[in-house]
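# Observations on the three-dimensional arrangement
What follows is each chain in one-letter form.
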Amino acid sequence: MAFAATALRLGRRWMSSARIHGYKHYYGKLKNQEGMLRDTARNEPYREALERAMKHLPGATVMDIGTGSGFLAMLAAKYGAKKVYAIE
């Protein structure tokens, strides 16, 4: 199947649909998500930040846009968010 490239505007930037397709192709694979979940240097600061924000989370609604594995959405729920929307 051929893939035709077109340009899409994302905010102020233009991206080719071929680039977006490549991005989705890479991050859509479970093995790549697994690698990011195991990346403690990347994930620990997120966990620490949500833990520090925990006093603000009870009753809060959190939206994780581009959730991927859902890691940040699960942390928000763990630290007390009332509702969590995980949107890919």
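You'll find the structure just up there.
Values in this document were obtained by computation on a predicted structure and should not be read as measured data.

### Quick notes on the packing of helix α3 (residues 40-52) against helix α4 (residues 71-78)
Closest axis-to-axis distance for the α3/α4 pair is 10 Å, and the angle between their directions is 30°. Overall, the two elements α3 and α4 adopt an arrangement that is roughly parallel. Where α3 crosses over α4, the handedness of that crossing is right-handed. Where α3 abuts α4, its residues Asn43, Tyr46, Arg47 and Leu50 lie against Phe71, Leu72, Leu75 and Ala76. Taken together, the residues of the contact of α3 with α4 sort by class into six nonpolar, one polar and one charged.

### As for the side chain of aspartate 64
With respect to the helices and strands, the residue aspartate 64 is situated in strand β3 (residues 61-65). For aspartate 64, the side chain forms a polar contact with the side chain of threonine 67, separated by 2.8 Å. Dropping the residues within four chain positions of it, aspartate 64 is found in contact with Leu72, Ala73, Tyr85, Ala86 and Ile87.

### Describing the side chain of asparagine 43
Considering the arrangement of structural elements, one finds asparagine 43 in helix α3. With a relative accessible area of 6%, asparagine 43 lands in the buried category. From its side chain, asparagine 43 meets the backbone oxygen of methionine 36 in a polar contact 2.8 Å long. At 3.1 Å, the side chain of asparagine 43 and the backbone oxygen of leucine 37 are in polar contact. Ignoring sequence-local partners within four residues, the contact set of asparagine 43 consists of Met36, Leu37, Arg38 and Phe71.

The rules behind these values
Residues numbered from 1 in each chain as written. Predicted model: local features only at pLDDT ≥ 70, side-chain atom pairs only at ≥ 80, totals over all residues. Heavy atoms only, no water. Axes fitted to C-alpha atoms, helices over the stretch in contact; angles between N-to-C directions. Helix = DSSP H or I, 4+ residues; strand = E, 2+ residues; numbered from the N terminus. Parallel < 35°, antiparallel > 145°, perpendicular 65-115°, else oblique. Left-handed = near helix turned anticlockwise from the far one by under 90°. Contact = heavy atoms within 4.5 Å. Nonpolar A, V, L, I, M, F, W, Y, C, P; charged D, E, K, R; others polar. Polar contact = N/O pair within 3.5 Å; in protein donor to acceptor, adjacent residues only side chain to side chain. Buried < 20%, exposed > 50% of the residue type's maximum accessible area, 1.4 Å probe, protein only.

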